[in-house]
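Here are the chains, one letter per residue:
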Number of protein chains: 2
Amino acid sequence: MPHVKRDLILSRADLRFLLHDWLRVEDLTARDRFTEHTRETIDAVLELAADLATEQFAPHNKRNDTEEPELVRTDEVARVRLHPEVGSALATAAAAGLLSATMDAEVGGLQLPHVVGTAVQAWFQAANVGTWGYAMLTVANANLLMAHGTPEQIATWVPPMLEGRYHGTMCLSEPQAGSSLADLTTRAEPRPDGTYRLHGSKMWISGGDHELGENIVHLVLARIPGGEPGTKGISLFLVPKYLVGPNGETGERNDVTLVGLNHKMGYRGTVNTLLNFGEGTFSPGGEAGAVGYLVGTAGRGLAAMFHMMNEARIGVGAGAAALAYTGFLKSADYARTRPQGRPPGSKDPATPMVPIIRHADVRRMLLAQKAYAEGALALVLYCGRLVDEERTAETPDVRERAHRLLETLTPIAKSWPSQWGLEANSLAIQVHGGYGYTREYDVEQHYRDNRLNPIHEGTHGIQAADLLGRKVVVDGGAGLTALVEAISATVDRARWTGGRAADFGAALHRATDRLVEVTAAVHGCPDAEQRLANASVYLEAAGHVVIAWIWLDQLLALGDRDDDFASGKRAAARYFFRFELPKVGPQLDLLASLDPTVLDTSPDWI
Amino acid sequence: MPHVKRDLILSRADLRFLLHDWLRVEDLTARDRFTEHTRETIDAVLELAADLATEQFAPHNKRNDTEEPELVRTDEVARVRLHPEVGSALATAAAAGLLSATMDAEVGGLQLPHVVGTAVQAWFQAANVGTWGYAMLTVANANLLMAHGTPEQIATWVPPMLEGRYHGTMCLSEPQAGSSLADLTTRAEPRPDGTYRLHGSKMWISGGDHELGENIVHLVLARIPGGEPGTKGISLFLVPKYLVGPNGETGERNDVTLVGLNHKMGYRGTVNTLLNFGEGTFSPGGEAGAVGYLVGTAGRGLAAMFHMMNEARIGVGAGAAALAYTGFLKSADYARTRPQGRPPGSKDPATPMVPIIRHADVRRMLLAQKAYAEGALALVLYCGRLVDEERTAETPDVRERAHRLLETLTPIAKSWPSQWGLEANSLAIQVHGGYGYTREYDVEQHYRDNRLNPIHEGTHGIQAADLLGRKVVVDGGAGLTALVEAISATVDRARWTGGRAADFGAALHRATDRLVEVTAAVHGCPDAEQRLANASVYLEAAGHVVIAWIWLDQLLALGDRDDDFASGKRAAARYFFRFELPKVGPQLDLLASLDPTVLDTSPDWI
């Protein structure tokens, strides 16, 4: 069984710094919800996550890639075969309570702060993003039910999910409608007993079938006939793989049929399926259609699903950050131990070769990875901290501000790690040279796995439209104002600190001002298509401004700490301000000009 | 057998434009070397290449990926098993004379211009870069022998290579010395009969073993004992897999042993091997060591190998451009046919969905791909044209200028398509959404295949050091001067043309001036390590300036042509000038400041 060193999965020193020194997680333990916890209990949970990630998840990460889930047919029924380590790793994590780390004690959760849950999750994602995928979906599913389900639905479905006996999925896309949810056609026919019967096909369903536990809880978007067209006619249904009896006993097979698997470039450990609902393979209760239970209000399914979706988007960002991070650590380790060549000016072949980390270009590639990976992880942890603020801060005003800021940051927390974490993994390959391109090393798999992240849970383009078309303009631009206020607070502290921090603060201040100016200029345009034509460029520029802020804020949290760790953080912050932040200048100029190149281009010309 | 439409491999319309309207290839037929050719014969060869690429190469591209070369042992000897389509495709191309398209008629070549050979090659690379790898290495090997071999060596080895009976490799890297050729240890012991016996290991040898033909011709860098240390003590040897008798008959097995295969992320069709020379598996003539024949002068092996290497580097750039191009065509085709969603401002779900090419963000991704793919292909064809100038222009002065310009452009022609062709393939995946991430579509393979290109034949970092540390400074900066003169000529023509071309010309002029200024500033620094610390940023900035020039020059060649093709070219040029060229501003500012962030970072901090 391959052995991956814990120190090459994530950095405990960095997590300690981010959670305690920077995000002051211990302060949360004064709040009612978290009084059972102390710094010690938090650290113990993180150590447990690190141990399980290292011992239970990392060892089969490569096997997830080389022996991907298979569709097998037994008794005319298609099933998914996973290799056994997937199930045992998930069971261990569930038994340790780590699936329900942030959930209420009353449903069996550890009731830890969300920011700690994000860090716990990052360990598993860095160790084995494919296996963790099942857990991530299950937890998001349970969270949605906690928010929108009836007490009876919660009691029936949530505890077995948190115990690892049931798993969850989210079923949005259909073959004819990927990102375009308004065009969903799956229908849910009401029955006199208050249940529904579903008919339709769902595409791209991660974890859509397997035999990891006793049951699978699908949360499915569908239309009740006679409802409004478009997104307003969409409702949310709970459709289990097996019906469940009054005492929780597994009953009849529901009519959810596995039709096929998608064979992916990476992220292979998480099976991805096409499911048919109500095609007639099974007839639960002797009737046609898959039995479904309405969750929340009819016609409000999309809003409920977005509860899960926002969480899933930050989870995708966390996964991208975690993959970037482990690739960074592995390539740094390689660079420290691989001898090759000599520095410029000392080319005498009689002298010994130096470890490649001594070459400036290799250090550049490592610093860039460090800036991307640590910046991305810090952002998603910051978002986790905002979830805690949103839910538990003392005043409604603080909670509201946290909510607005989180809403604005969510598309960035999803897309920035996905874009730059992938770039980090590409640099990790490059540091390894030819070895990095072979499957004998880990980094090419991380790169392939990470390439999914700009696609699922809303593509890069969807996030861009969400940020520029919605988040920074709704409520008179309150979302952007919340961001600017948060950045300004950091800039002010940097000014008082002086030195390099003040210089970086001044650069960040200029970039932020310009972002605000450009946002106004773009929204001054009356034509919706023109406003949004370059939304992806806006997303990327705003993302770099946000990460510069996150780096400056980390820098300030170092105080006068003076060790290798602090020097490394300062070097990465400096890298980001020198090599990365200046990239936004031309992007914002392009946006300010409302450049019409793309719109002017006829499809016939391409 | 999967069918790939020819129009989705490369664009014949674009090749006609690039070769005839832009590079005026027909003019070459007035020169002695090419008098046998006309526009018609050139076009006929290109059509032949297109047909063979479509019918013989494209159909097994996916099979190369899913059934990669295998190491099998028979009679205690390790062999490589390839599936049969590889051999038959290569044999067909060789029989059609396309391996020797540019070579002298006297060795059986078609004696076509090099620029036409580059276009021929691009068809095969776009269709199946893995299978074409064997041909590319064989042709480069034959070209090296034509330049440096003795008449007897040429007569023995070159014709069977061009006929597809023998194949070639280049053996540089060793396990302990990848990019660091000064540290090669393979030794070549002289024998009284003038031959040598080689002992050592060579790593990353593409096409290092297989049974595609009768023999494999390895060109191997090794040291003759007693020679100088470092690169000056390196000589070049021809080491065949099988010795060859006086009449060309295949003789005894030479002591070249296949030790293992590297299993790659992509580019799997081209087998990559570890070879041992002289380990004692075979004893040709009853003696120890692999029999080798010195090629060229002892101690001058590296210079001879670089003859092959420069050609191989442009070949890598051509391959990267070709992969970008086919990915672009396939994603444009998908975008034209896949309905999804509606434009902003017309969200009524009762209206039909539109093809996704109607969405601005999808057109942005297609335009970017077009700008990268067509820009990259144009650059490598331009380099091919320079090879023809270098060899056949009327005056020594013109030949010398072409040589200098080619030398300067070579690291860019290798690295720019590798970097941005990969980005194009990533965008091709993104246009396909989830489908693009599955192995059911072609684009994820192109992306994986293309990821090799920034690594092999000199990494990105090696190209950067070559450009900034050597090419732009040797001979008093004559290489940079040659580039600036070529750019200035285009800028002058753009000024006369007026309109948008003049605006783009002015922007290019400013960027070029700044590049020259920054080059001088960097080389004003006395410390070699500091000069080269940000060389990769220099390579990227210089690359963007060069591609902007290539786009402006294409734009001028369109004249007043007014059809969809010309409109598309203009849109892509405009995209490059608006979205891409401005990126060099911050890069050049960073370089001008001799930013020491990377150098200041201690390895202990990472």
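Residues numbered from 1 in each chain as written. Chains lettered and ligands numbered in written order. Predicted model: local features only at pLDDT ≥ 70, side-chain atom pairs only at ≥ 80, totals over all residues. Heavy atoms only, no water.

- For chain A, an unreviewed UniProt entry supplies the name Acyl-CoA dehydrogenase and the organism Pseudonocardia ailaonensis.
- Looking at chain A in UniProt, the text filed under Cofactor (unreviewed entry) is "FAD".
- Listed in UniProt under the heading Sequence similarities (unreviewed entry), the comment for chain A reads: "Belongs to the acyl-CoA dehydrogenase family." (UniProt positions renumbered as here; feature names shortened; annotations may be inferred.)

### So, the overall build of chain A
Then, number 1: A count of helical and extended segments in chain A gives 18 helices and 12 strands.
Then, number 2: The C-alpha radius of gyration of chain A comes to 24 Å, within 12% of the 25 Å expected for a compact globule of 606 residues.
Then, number 3: Structurally, chain A occupies a C-alpha span of about 80 × 60 × 60 Å along its principal axes.
Then, number 4: Buried residues in chain A amount to 64% of all 606 residues.
Then, number 5: Put simply, chain A shows about 20,700 Å² of open surface, and 51% of that area lies on carbon and sulfur atoms.
Then, number 6: Here chain A contributes 58 positive and 74 negative side-chain charges, whose respective centroids are spaced 5 Å apart. (Helix = DSSP H or I, 4+ residues; strand = E, 2+ residues; numbered from the N terminus. Rg over C-alpha atoms; globule rule 2.2 N^0.38 Å. Buried < 20%, exposed > 50% of the residue type's maximum accessible area, 1.4 Å probe, protein only. Areas by Shrake-Rupley, 256 points an atom, 1.4 Å probe, with all protein chains shown as cover. Lys, Arg positive; Asp, Glu negative; His and termini not counted. Charge placed at Lys NZ, Arg CZ, Asp CG, Glu CD.)

### Considering the domain arrangement of chain A
Residue and element names in this part refer to chain A.
Then, number 1: What the domain assignment lists for chain A is domain 1 (6-161), domain 2 (167-299) and domain 3 (459-606).
Then, number 2: For domain 1 and domain 2, the distance between their C-alpha centres works out to 24 Å.
Then, number 3: If you look at the interface, domain 1 gives 29 residues, while domain 2 gives 34 residues.
Then, number 4: In this assembly, domain 1 packs against domain 2 so that about 2,700 Å² is buried in total across both faces, 68% of it on carbon and sulfur atoms.
Then, number 5: Three residues, Val80, Leu137 and Trp157, lead the burial of domain 1 against domain 2; their summed loss comes to 23% of the area buried on that side.
Then, number 6: Across the domain 1-domain 2 interface, the total number found is two salt bridges.
Then, number 7: Measuring nitrogen to oxygen at the nearest pair gives 2.9 Å for the salt bridge that ties Glu211 to Arg79. (Domains from an automatic or database assignment. Contact = heavy atoms within 4.5 Å. Buried area = accessible area lost by both parts, 1.4 Å probe. Salt bridge = Lys/Arg side-chain N within 4 Å of Asp/Glu carboxyl O.)

### Quick notes on the pairing of strand 5 (residues 196-206) of chain A
All names here are of chain A.
Then, number 1: Buried residues dominate strand 5, accounting for eight of its 11 residues.
Then, number 2: A loop of five residues connects strand 4 (residues 187-190) with strand 5, the two strands running antiparallel in sequence, and Gly194 in this loop sits at a positive phi of about 90 degrees.
Then, number 3: Where strand 5 meets strand 12 (residues 290-295), three bridges bridge the pair, whose relative direction is antiparallel. Within the sheet, the bridge partner assigned to Leu198 lies in strand 12 and is Ala290. (Pairing = 2+ DSSP bridges.)

### Some thoughts on the packing of aromatic side chains
Then, number 1: Scanning all chains against the criterion turns up 41 aromatic pairs over all chains.
Then, number 2: Their ring planes at 70 degrees and their centres at 6.2 Å tell us that Tyr372 of chain A and Trp416 of chain A sit as a pair that is edge-to-face. In this pair, Tyr372 of chain A is assigned in helix 8 (residues 360-392) and Trp416 of chain A in helix 9 (residues 396-432), connecting sequence segments 44 residues apart.
Then, number 3: For Tyr372 of chain A, a relative accessible area of 4% puts it in the buried group.
Then, number 4: Site record: aromatic cluster; members linked through ring pairs are Trp204 of chain A together with Tyr334, Tyr435 and Tyr441 of chain B.
Then, number 5: Residue placement shows Arg451 of chain A over the ring face of Tyr447 of chain B; its charged tip is 5.9 Å from the ring centre.
Then, number 6: Positioned over the ring face of Tyr242 of chain B is Arg253 of chain B, at 5.7 Å from the centre of the ring. (Phe/Tyr/Trp six-rings, centres within 6.5 Å; stacked < 30°, edge-to-face > 60°. Lys NZ or Arg CZ within 6 Å of the ring centre and 35° of its normal.)

### Quick look at the UniProt feature "domain: Acetyl-CoA dehydrogenase-like C-terminal" (unreviewed entry) in chain A
Then, number 1: Residues annotated in UniProt with the feature "domain: Acetyl-CoA dehydrogenase-like C-terminal" (unreviewed entry) correspond here to residues 484-600 of chain A.
Then, number 2: Secondary structure across residues 484-600 of chain A divides into 84% helix and 0% strand, with the first and last C-alpha atoms of the span separated by 33 Å.

### Details of helix 17 (residues 584-592) of chain B
Then, number 1: Among the residues of helix 17 of chain B, Val584, Pro586, Gln587, Leu588, Leu590 and Leu591 of chain B are the ones counted as buried.
Then, number 2: Where the residues of helix 17 of chain B are buried, they touch helix 16 (564-580) and helix 17 (584-592) of chain A together with helix 13 (499-523), helix 15 (535-557) and helix 16 (564-580) of chain B.
Then, number 3: At the exit of helix 17 of chain B stands Leu594 of chain B, carrying a positive phi of roughly 45 degrees.

### A word on the interface of chain A and chain B
Then, number 1: Each side of the interface is counted separately: chain A has 92 residues, and chain B has 92 residues.
Then, number 2: Summing the contributions of chain A and of chain B, the shared interface buries around 7,800 Å²; its carbon and sulfur component is 60%.
Then, number 3: Its largest share of buried area at the contact with chain B, chain A owes to Tyr437, Arg439 and Ile606 of chain A, together 11% of the area lost on that side.
Then, number 4: In this assembly, chain A and chain B are joined by eight salt bridges.
Then, number 5: For Arg342 of chain A, the salt bridge identified is with Asp183 of chain B, shortest N-O distance 2.5 Å.
Then, number 6: Counting the contacts that link chain A with chain B gives 47 residue pairs in polar contact (both at pLDDT 80 or more).
Then, number 7: Ranked by the residues each element gives to the side of chain A that touches chain B, the list is headed by helix 16 of chain A, at eight residues. (Polar contact = N/O pair within 3.5 Å; in protein donor to acceptor, adjacent residues only side chain to side chain.)

### Re the pairing of strand 11 (residues 272-277) of chain B
Residues and elements named next belong to chain B.
Then, number 1: Among the six residues of strand 11, five are classified as buried, and the element is accordingly described as predominantly covered.
Then, number 2: Where strand 5 (residues 196-206) lies against strand 11, five bridges are found, and the strand directions are antiparallel. By the bridge assignment for strand 11, Lys202 is matched with Leu275.
Then, number 3: Bridging between strand 10 (residues 256-261) and strand 11 involves five bridges; their strand directions are antiparallel. When the sheet's bridge partners are listed, Leu261 is paired in strand 11 with Thr273.

### Observations concerning the side chain of Gln587 of chain B
Then, number 1: As for its placement among the helices and strands, Gln587 of chain B is situated in helix 17.
Then, number 2: With sequence-adjacent residues up to four places away left out, Gln587 of chain B is seen in contact with Val537, Glu540 and Ala541 of chain B.

### Details of the confidence of the model for chain A
Then, number 1: Mean pLDDT for chain A: 95, with 99% of residues reaching 70 or above.
Then, number 2: Both scores are available for the predicted complex, with the pTM at 0.97 and the ipTM at 0.97. (pLDDT = per-residue confidence, 0-100.)

### Observations regarding the relation of the copies chain A and chain B
Then, number 1: Overlaying chain A with chain B gives an RMSD of 0.0 Å, the required rotation being 180 degrees about an axis along which the chain moves by 0.0 Å. Accordingly, the operation relating the two chain copies is best matched by a two-fold axis. Residues of chain A ranked by C-alpha distance from the rotation axis are headed by Lys583 of chain A, positioned 3.4 Å from it.
Then, number 2: The overlap is high: 100% of the interface residues of chain A also sit at the interface in chain B, so the same surface is used on both sides. (Least-squares fit on C-alpha atoms with pLDDT ≥ 70 in both.)

### Structural notes on the packing of helix 5 (residues 114-148) of chain B against helix 7 (residues 301-337) of chain B
Residues and elements named next belong to chain B.
Then, number 1: Remark: helix 5 packs on helix 7, axes separated minimally by 9 Å, with the N-to-C direction vectors making an angle of 170 degrees. Classified by the angle between their axes, helix 5 and helix 7 sit roughly antiparallel to one another.
Then, number 2: Considered class by class, the residues forming the contact of helix 5 with helix 7 number 17 nonpolar, nine polar and one charged. (Axes fitted to C-alpha atoms, helices over the stretch in contact; angles between N-to-C directions. Parallel < 35°, antiparallel > 145°, perpendicular 65-115°, else oblique. Nonpolar A, V, L, I, M, F, W, Y, C, P; charged D, E, K, R; others polar.)

### Looking at the environment of Thr150 of chain B
Residue and element names in this part refer to chain B.
Then, number 1: For Thr150, the position within the fold is in the loop between helix 5 and helix 6 (151-162).
Then, number 2: Among the residues examined, Thr150 registers a relative accessible area of 38% and is labelled partly exposed.
Then, number 3: Between the C-alpha atoms of Thr150 and Gly296, which are 146 residues apart in sequence, the distance is 7.7 Å.

### Here's the deal with the environment of Ala127 of chain A
All names here are of chain A.
Then, number 1: Its place among the elements puts Ala127 in helix 5 (residues 114-148).
Then, number 2: The spatial distance from the C-alpha of Ala127 to the C-alpha of Trp496 is 40 Å, given a sequence separation of 369 residues.
Then, number 3: Apart from the residues within four sequence positions on either side, Ala127 is in contact with Ile9, Ala53, Phe57, Ala58 and Asn61.

### Some points on the pattern of salt bridges
Then, number 1: In the structure shown here, the tally under the stated rule is 88 salt bridges over all chains.
Then, number 2: For Asp7 of chain B, the salt bridge is made with Arg12 of chain B, and the minimal N-O distance between the two is 3.9 Å.
Then, number 3: Assessed through its relative accessible area of 26%, Arg12 of chain B is described here as partly exposed.
Then, number 4: Taken together, the shared-partner salt bridges connect Arg6, Asp7, Arg12, Glu47 and Asp51 of chain A into one network.

### Re helix 15 (residues 535-558) of chain A
Residue and element names in this part refer to chain A.
Then, number 1: Taking 1.5 Å of rise per residue, 24 residues should cover 34 Å, and helix 15 covers 35 Å from first to last C-alpha, within 8% of that figure.
Then, number 2: Most of helix 15 is tucked away: 23 of the 24 residues are buried.
Then, number 3: Gly559 occupies a position one or two residues after helix 15 and carries a positive phi of about 55 degrees. (Expected span 1.5 Å × (residues − 1).)

### Examining the UniProt feature "domain: Acyl-CoA dehydrogenase/oxidase C-terminal" (unreviewed entry) in chain A
Then, number 1: On the UniProt side, "domain: Acyl-CoA dehydrogenase/oxidase C-terminal" (unreviewed entry) is annotated at positions that read residues 299-466 of chain A here.
Then, number 2: The distance from the first to the last C-alpha atom of residues 299-466 of chain A is 21 Å, and the span holds 73% helix and 0% strand.

### Points about unusual backbone geometry
Then, number 1: Positive phi outside glycine occurs at Asp475 of chain A, with the angle close to 50 degrees.
Then, number 2: The phi dihedral of Glu76 of chain B is positive, around 70 degrees, even though this residue is not glycine.
Then, number 3: Relative to the helices and strands, Glu76 of chain B is located in the loop between strand 1 (70-74) and strand 2 (77-81).
Then, number 4: Glu76 of chain B sits in the exposed class, given a relative accessible area of 75%.

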